[in-house]
Amino acid sequence: MSRSPLTVLSALSAALLLALAAPAWAQSHAGHATAPTTTDASPADDRPMDHGSMDHTKMDHSTMDHGSADHSQMDHSKRDHGSTDHSQLDHSTMDHAAMGHGVPRAPAPTEPLEPIPAVTAADRLAAFAPIDHGAMEHAPEIHSLLLVNRLEHWDGQHGSGQAWEASGWVGGNIHRLWVRSEGERSDGRTGSADLEVMYGRSVSPWWDVLVGVKQDFRPADSRTWAAFGIQGLAPYKFETSATAYLGEGGQLAATVEVEYELLLTNRLILQPLLEATFSANDEPSYRNGAGLNKVEAGLRLRYEFSRRFAPYIGISHERLFGDTADYHEAAGEGARDTRWVAGVRVWF
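As the structure is a computational prediction, the values presented were derived from the model and not from experiment. (Residues numbered from 1 in each chain as written. Predicted model: local features only at pLDDT ≥ 70, side-chain atom pairs only at ≥ 80, totals over all residues. Heavy atoms only, no water.)

Student: Kindly report on the overall build of the protein, identifying the contributing residues and their values.
Tutor: Looking only at helices and strands, the protein features three helices and 13 strands. For the protein, the computed accessible surface area is about 25,200 Å², with 61% contributed by carbon and sulfur atoms. (Helix = DSSP H or I, 4+ residues; strand = E, 2+ residues; numbered from the N terminus. Areas by Shrake-Rupley, 256 points an atom, 1.4 Å probe, with all protein chains shown as cover.)

Student: If you had to explain the packing of aromatic side chains to someone new, which residues and values would you point to?
Tutor: One pass over the structure, following the stated rule, counts five aromatic pairs. Ring geometry for F305 against F309: centres 6.4 Å apart, planes inclined by 35°, an arrangement best described as tilted. An aromatic cluster is present here, built from Y303, F305 and F309 joined pairwise through their rings. Geometry around W154 places R339 over its ring, the cationic atom sitting 3.7 Å from the centre. (Phe/Tyr/Trp six-rings, centres within 6.5 Å; stacked < 30°, edge-to-face > 60°. Lys NZ or Arg CZ within 6 Å of the ring centre and 35° of its normal.)

Student: Tell me about the side chain of R150, and name the residues and values.
Tutor: In this fold, R150 is placed in strand β1 (residues 143-156). The class of R150 is buried, set by a relative accessible area of 6%. Ignoring sequence-local partners within four residues, the contact set of R150 consists of A163, W164, E165, E182, L273, E275, E296, R300, Y312 and V344. (Buried < 20%, exposed > 50% of the residue type's maximum accessible area, 1.4 Å probe, protein only. Contact = heavy atoms within 4.5 Å.)

Student: How would you explain the pairing of strand β4 (residues 189-202) if you had to name every residue and give the values?
Tutor: Summarising the sheet, strand β3 (residues 175-186) and β4 pair through twelve bridges and their orientation is antiparallel. Bridging across to β4, H175 finds its partner in R201. The hairpin formed by β3 and β4 contains two residues between the paired strands, and D187 there has a positive phi angle of roughly 55°. Here β4 pairs with strand β5 (residues 207-218) via ten bridges, running antiparallel. (Pairing = 2+ DSSP bridges.)

Student: Tell me about the environment of E184, residues and numbers included.
Tutor: Within the element layout of this structure, E184 appears in strand β3. Taking the C-alpha atoms as reference points, E184 and R218, separated by 34 residues in sequence, lie 9.5 Å from one another. Not counting residues within four places of it along the chain, the set of residues in contact with E184 comprises W154, Q162, A163, W164, R189, T190, G191, S192, E318 and R339. Reaching out from E184, the side chain makes a polar contact with the side chain of R339 at a distance of 3.1 Å. (Polar contact = N/O pair within 3.5 Å; in protein donor to acceptor, adjacent residues only side chain to side chain.)

Student: Outline the pattern of salt bridges, listing residues and values.
Tutor: Applying the stated criterion across every chain, the model contains 15 salt bridges. With a closest N to O distance of 2.8 Å, R150 and E165 form a salt bridge. Residue R150 is located in strand β1, and its partner E165 is located in strand β2 (residues 159-171); the two are separated by 15 residues in the primary sequence. The exposure class assigned to E165 is buried, which follows from its relative accessible area of 11%. Here R180 and E196 are joined by a salt bridge, their closest N and O atoms 2.8 Å apart. Of the two residues, R180 sits in strand β3 while E196 sits in strand β4, which places them 16 residues apart along the sequence. (Salt bridge = Lys/Arg side-chain N within 4 Å of Asp/Glu carboxyl O.)

Student: Outline a negative patch on the surface, listing residues and values.
Tutor: A contiguous patch of negative charge, built from D282, D323, D326 and E329, is present on the exposed surface. Tracing the chain through its elements places D326 in helix α3 (residues 322-330). (Patch = residues over 30% accessible without salt bridge, like charges linked within 9 Å, V, L, I, M, F, W, Y side chains within 5 Å. Lys, Arg positive; Asp, Glu negative; His and termini not counted. Charge placed at Lys NZ, Arg CZ, Asp CG, Glu CD.)

Student: A description of α3 should follow, citing residues and the corresponding values.
Tutor: For α3, the set of buried residues is T324, A325 and H328. All buried residues of α3 fall inside an arc of 100° around its axis, so they share one side. If you follow the buried residues of α3, they end up packed against β11 (291-303) and β12 (309-320). A positive backbone phi angle near 85° is found at G332, which sits one or two residues after α3. (Arc of directions from axis to C-beta.)

Student: Help me get a handle on the pairing of β3, residues and values and all.
Tutor: On a regular strand, one side chain projects to one face of the sheet and the next to the other, so that they alternate. Note: β2 against β3, eleven bridges, orientation antiparallel. Looking at the pairing, V170 lines up with L177 of β3. Remark: three residues form the turn of the hairpin made by β2 and β3, two consecutive strands paired antiparallel.

Student: How would you explain unusual backbone geometry if you had to name every residue and give the values?
Tutor: Even without glycine at this site, K237 takes up a positive phi of about 65°. By secondary structure assignment, the location of K237 is in the loop between β6 (223-234) and β7 (238-247). Look at R287: it is not a glycine, yet its phi comes out positive at around 55°. Along the chain, R287 falls in the loop between β10 (268-279) and β11. Exposure remark for R287: the relative accessible area of 25% places this residue in the partly exposed category.

Student: An account of the confidence of the model for the protein is needed here, citing residue identities and associated values.
Tutor: A residue-level look at the protein finds 70% of positions with pLDDT of 70 or above and a mean pLDDT of 80. Contacts for the low-pLDDT stretch residues 24-45, under 50 throughout, to residues beyond four places or in other chains number one contact. (pLDDT = per-residue confidence, 0-100.)

Student: Give me the lowdown on the environment of Y245, citing residues and values where you can.
Tutor: Of note, Y245 is situated in strand β7. Remark: the alpha-carbon pair of Y245 and W225, spanning 20 residues in sequence, is separated by 5.8 Å. Ignoring anything within four residues of it in the chain, the contact list for Y245 reads R180, E196, K214, W225, A226, A227, Q251, L252, A253, A254 and T255. A polar contact is formed between the side chain of Y245 and the side chain of E196, at a distance of 3.1 Å.

Student: Report on the side chain of R223, specifying residues and quantitative values.
Tutor: Inspection of the secondary structure puts R223 in strand β6. Here E283 takes part through its side chain, which lies 2.8 Å from a polar atom of the side chain of R223.

Below you can see the structure in the form of structure tokens.
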């Protein structure tokens, strides 16, 4: 049977097209082949696929049709949600009402799993033992203090000598018995010395009122004064003492002293001092004139090895005024004197 040249040409064209289309068709179905890659052939497995054990990180989900996937049949309980990047998820398309978030949870139990036993009398006795007041040690009602504020050697323009200033008390927080003493020695003799014994009563947390007597032993004949005054801690921590004295023959005198402690460190302390004395009457025999008699200004730097013991060095300047200066100059003494001092401050 003879064929026309046109028929033969058409058959050859069809065969060529089939040969070209076969490799492309085989490549497009290679990714969806379900046959195992092992050499041993096994029958087809019709069981459902466990997506929880699949490694989805190597799949290209961008080419998959998620619209036709039935997620209700998937077991998401085995999925590791800790590695999920929630920032890339579109939560606006999720149906949170169907996820069970609105289902109320059971309330937490109000009673402990193990009931607490009732408190017994033995428990209360163990927690609050009876107090034996007879065995307690109470602070004593009587206290005491002796402070040697200045015990020093001085070297001035008109010689050298020693000086002291001390005070002490015994009593309680309100009522106390005060003892104060101050004096000076020069060239081996006592130039001035006095002793005060006074009753003190606290009138505020910072101030005491004092009433008592003062005995002068030098510079002239001894004499006794009635003393009354006030002492305490002024604002800004200025230690202040003001005392008036009424002596024999109607003589009236007064002494005012102000000290301040400036803490350079916890142990290094700078202490300025200002003291002034006054007299109402002129007394040539005692070399005291009327008015302002003497002003002393000092500056002492001490180091406290302990609160009870503190050596110091410093400088002190004294100046006499009015008739008092004239009486001392007539006796061969200067009206002014600047002294270098070194001493110790102790208390018991």
